[in-house]
Amino acid sequence: MKNILVVGCNGGMGKAICSKLLQKDFTVVGIDIHEAPAVENITYFHGDVRNFDGLQAIFEQLKQSQITLHAVVTT
């Protein structure tokens with residue numbers, strides 16, 4: 001199974017991309033500045049990619065979870 005990271009997963013386009021990827025049987029990892037994920041069945045991280053320290057913490061969590069990313073989508 002391929003893991004796809006969607007930055008901005010709670011916005012209109014981000015939600016649509018996440019939904020389409022899930023329909024195609026991808027595993028979706030989402031990052032957004034909003035607290036709760038808008039799309040079910042994604043691994044969600046709350047953060048702002050403009051903040052380097054926060055982004056670094058998210059990638060450390062991904063590494064600890066042994067999640068390997070195969071693609072990144074930014075919205």
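Here goes a summary of the coordinates provided.

Definitions and cut-offs
- Residues numbered from 1 in each chain as written.
- Predicted model: local features only at pLDDT ≥ 70, side-chain atom pairs only at ≥ 80, totals over all residues.
- Heavy atoms only, no water.
- Helix = DSSP H or I, 4+ residues; strand = E, 2+ residues; numbered from the N terminus.
- Expected span 1.5 Å × (residues − 1).
- Polar contact = N/O pair within 3.5 Å; in protein donor to acceptor, adjacent residues only side chain to side chain.
- Buried < 20%, exposed > 50% of the residue type's maximum accessible area, 1.4 Å probe, protein only.
- Pairing = 2+ DSSP bridges.

Quick look at helix α2 (residues 52–64)
Spacing of three or four residues puts side chains on the same side of an α-helix, whose turn is 3.6 residues.
Here is step 1: Compared with the 18 Å implied by 1.5 Å per residue over 13 residues, the 18 Å span of α2 between its first and last C-alpha is a close match.
Here is step 2: Where α2 starts, the residue carrying a side-chain oxygen 3.0 Å from the main-chain nitrogen of aspartate 53 turns out to be asparagine 51.
Here is step 3: Looking one or two residues beyond α2, the residue adopting positive phi is glutamine 66, at roughly 60°.

Focus on the pairing of strand β1 (residues 3–7)
Each regular strand displays side chains that alternate between the two surfaces of the sheet.
Here is step 1: A large share of β1 lies buried, amounting to 5 of its 5 residues.
Here is step 2: The alternating pattern of β1 places Asn3, Leu5 and Val7 on one face and Ile4 and Val6 on the opposite face, and all of these are buried.
Here is step 3: Of the strand pairs in this sheet, β1 and strand β2 (residues 27–32) are connected by 5 bridges, and their pairing is parallel. Within β2, the residue paired with asparagine 3 across the bridge is threonine 27.
Here is step 4: Pairing between β1 and strand β4 (residues 71–74): 4 bridges, direction parallel. What sits directly across from valine 7, in β4, is threonine 74.

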